[in-house]
Amino acid sequence: MGSAVNVCVVGLGRAGMVHAVNFQQHVPGAVLAAVVEADREVLAARAAELGVAGRFTGIREALDGAPVDAVCITTPTFTHAEIAVASAQSGKHVLCEKPMALNLAEADRMIEAAADAGVVLQIGFMRRFDPAFREARQLVADGRIGRPMVIRSLTRGPGLPPRWAWDPARSNGMLAEVNSHDFDTVRWIAGSEVTRVYAETSASKRPDLLQEFPGFYDSAVVTLRMADGALATIDGGCPVDYGYDARLEVLGTEGVLQVGELRSGAVLLCTRESGVQSKPFASWRDRFREAYINEAGHFIRYIRAEEQPLATGLDGRRALEATLAANLSSRLGAPVVLPLKEEDALEDRA
Ligand SMILES: NC(=O)c1ccc[n+]([C@@H]2O[C@H](COP(=O)([O-])OP(=O)(O)OC[C@H]3O[C@@H](n4cnc5c(N)ncnc54)[C@H](O)[C@@H]3O)[C@@H](O)[C@H]2O)c1
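Residues numbered from 1 in each chain as written. Predicted model: local features only at pLDDT ≥ 70, side-chain atom pairs only at ≥ 80, totals over all residues. Heavy atoms only, no water.

### Concerning the overall build of the protein
- Helix and strand content of the protein: 13 helices and 15 strands.
- The globule rule puts the C-alpha radius of gyration for 350 residues at 20 Å, and the 20 Å found for the protein is close to it.
- Every one of the 350 residues in the protein was classed for burial, and the buried ones make up 54%.
- For the protein, restricting intrachain contacts to residue pairs at least 6 apart in sequence, the fraction spanning at least 24 positions comes to 70%.
- Accessible area for the protein stands at about 15,400 Å²; split by element, carbon and sulfur atoms hold 51% of it.
- Positive and negative charge centroids in the protein, built from 37 and 45 side chains respectively, lie 3 Å apart. (Helix = DSSP H or I, 4+ residues; strand = E, 2+ residues; numbered from the N terminus. Rg over C-alpha atoms; globule rule 2.2 N^0.38 Å. Buried < 20%, exposed > 50% of the residue type's maximum accessible area, 1.4 Å probe, protein only. Contact = heavy atoms within 4.5 Å. Areas by Shrake-Rupley, 256 points an atom, 1.4 Å probe, with all protein chains shown as cover. Lys, Arg positive; Asp, Glu negative; His and termini not counted. Charge placed at Lys NZ, Arg CZ, Asp CG, Glu CD.)

Okay, structure coming up:
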């Protein structure tokens with residue numbers, strides 16, 4: 001085994017704490033060497049909880065002052081590009097949460113900075129590291145259901161993400177924050193690229209948020225056409241309240257496969273009074289607990305050149321392009337063809 005990789009987690013919010021704990025406790029070869037958090041109170045509380053010595057309020061101080069080899073970016077999406085580019089230019093490997101960035105110009109800068117510096121750039125598509133999703137991908141790749149004809153991928157979140165994500169201009173909306181994973185899953189499973197996107201979005205549950213956040217939506221349905229002729233749908237809803245829900249179905253020419261269900265465990269209770277009862281997944285942390293650990297482990301092994309990359313900057317860019325196309329389609333009320341035109345790719349006008 002190579003020498004330890006010193007990791008700095010940037011942004012100690014919901015995703016940041018998952019990654020920080022994983023790098024600290026569950027990933028062989030990784031050391032949680034430093035943390036960066038812009039909010040001083042949050043930094044003091046969470047760094048103390050983690051017991052990390054290297055504590056910083058800005059990425060620049062950490063890059064200049066801490067002996068780190070790699071950076072894990074878990075800040076709000078609108079900050080990803082700046083932090084990733086600065087980190088790569090300082091020679092640090094980068095694991096960046098999805099969605100990779102706000103627009104394709106930012107994504108391209110990140111890819112270019114990592115390539116120029118010769119560092120790893122991995123995007124946080126943890127479903128690629130989930131045992132069930134991996135098995136499904138392998139079965140499809142082995143031709144067990146023939147050629148994929150229709151892929152259905154859905155993600156529904158129990159509660160709204162943090163407030164910054166309610167603003168489409170700072171987050172690209174729920175299709176980016178919640179359904180990035182579906183856009184990635186569809187192209188990963190199909191082994192083919194998205195060529196046309198049509199989306200409908202609606203603020204059905206929280207229309208009250210439209211006044212403060214024009215363009216906000218809480219539900220979405222997207223249809224996609226893939227280069228090889230396969231079709232796909234993505235269905236999103238957030239907040240749904242009942243639990244975290246991530247499912248996949250692939251209809252092939254020779255069969256069908258399904259991944260995921262509402263139930264979180266094997267226990268099913270049935271009484272005359274209650275009827276059939278079972279628990280849903282409370283959050284993405286529970287459903288993909290193992291996947292986040294596997295993802296972080298892959299990042300370390302990828303840095304050490306022990307594994308080939310499984311979720312690259314280009315994967316992040318492609319999922320982002322399809323997401324931007326879906327938001328554009330919803331605004332236009334018309335299908336959008338990929339690749340996006342330059343004016344649509346450079347700036348999201350949600
Ligand atoms: N892979 C997944 O399943 C998953 C799950 C949740 C969130 N995410 C992604 O992770 C990212 C963060 O989401 P979250 O829900 O954890 O957000 P959050 O708001 O809970 O946490 C973000 C933290 O970053 C801090 N911060 C903001 N700007 C900063 C900066 N410039 N430098 C340092 N710290 C800064 C904030 O103070 C906050 O504590 C988003 O891109 C989101 O889409 C991914």
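### Topic: the nonpolar core
- If you look at the biggest cluster of nonpolar residues, it comprises 85 residues, and the most contacted ones within it are M110, F183, V222 and L224.
- Ranked by residues supplied to this core, first place goes to helix α12 (residues 313–332) with seven residues.
- Structurally, this core is a two-domain feature, drawing no fewer than three residues from each of domain 1 (5–127 + 293–311) and domain 2 (130–283 + 314–346).
- In contact with F183, not counting residues within four places along its chain, are L175, V222, L224, I234, A319, A322, T323 and A326. (Core = buried A, V, L, I, M, F, W, Y, C linked by side-chain atoms within 4.5 Å. Domains from an automatic or database assignment.)

### Focus on the domain arrangement of the protein
- By the assigned domains, the protein splits into domain 1 (5–127 + 293–311) and domain 2 (130–283 + 314–346).
- The gap between the C-alpha centroids of domain 1 and domain 2 is 25 Å.
- Between domain 1 and domain 2, the contact holds 23 residues from the first and 34 residues from the second.
- On inspection of domain 1 and its partner domain 2, the count reaches two salt bridges.
- In this structure, the salt-bridge partner of R127 is D182, at a minimum N-O distance of 3.5 Å.
- Where domain 1 meets domain 2, there are eight residue pairs in polar contact (both at pLDDT 80 or more).
- Looking at the side of domain 1 that touches domain 2, its residues break down into 15 nonpolar, four polar and four charged. (Salt bridge = Lys/Arg side-chain N within 4 Å of Asp/Glu carboxyl O. Polar contact = N/O pair within 3.5 Å; in protein donor to acceptor, adjacent residues only side chain to side chain. Nonpolar A, V, L, I, M, F, W, Y, C, P; charged D, E, K, R; others polar.)

### Observations regarding the side chain of D315
- Within the fold, D315 resides in helix α12.
- Since its relative accessible area comes to 11%, D315 is described here as buried.
- Apart from the residues lying within four places of it in its own chain, the contact partners of D315 are F125, R128, D184, R187 and L310.

### Looking at helix α5 (residues 104–117)
- Between its terminal C-alpha atoms α5 stretches 20 Å, which fits the 20 Å expected from 14 residues at 1.5 Å a residue.
- The set of residues buried in α5 consists of L104, E106, A107, M110, A113 and A114.
- Its side-chain oxygen placed 3.1 Å from the backbone nitrogen of A105, N103 serves as the N-cap of α5.
- Of the residues flanking the end of α5, it is G118, one or two places downstream, whose phi is positive at about 70 degrees. (Expected span 1.5 Å × (residues − 1).)

### A look at unusual backbone geometry
- Note the cis peptide between K98 and P99, where omega equals -20 degrees.
- We note that A305 has phi near 60 degrees; this positive angle belongs to a residue other than glycine.
- Along the chain, the position of A305 falls in the loop between α11 (289–303) and α12.
- With a relative accessible area of 67%, A305 lands in the exposed category.

### Focus on the site of the ligand
- Every one of the 25 residues lining the ligand counts as a neighbour, but R14, A15, E37, E177 and Y292 are closest to it.
- Take R14: an N or O atom from its side chain is 2.7 Å from an oxygen atom of the ligand.
- Between an oxygen atom of the ligand and a side-chain N or O atom of E177, the distance comes to 2.6 Å.
- Considered on its own, the ligand offers 850 Å² of accessible surface; in the complex 85% of this is hidden by protein. (Near = heavy atom within 4 Å.)

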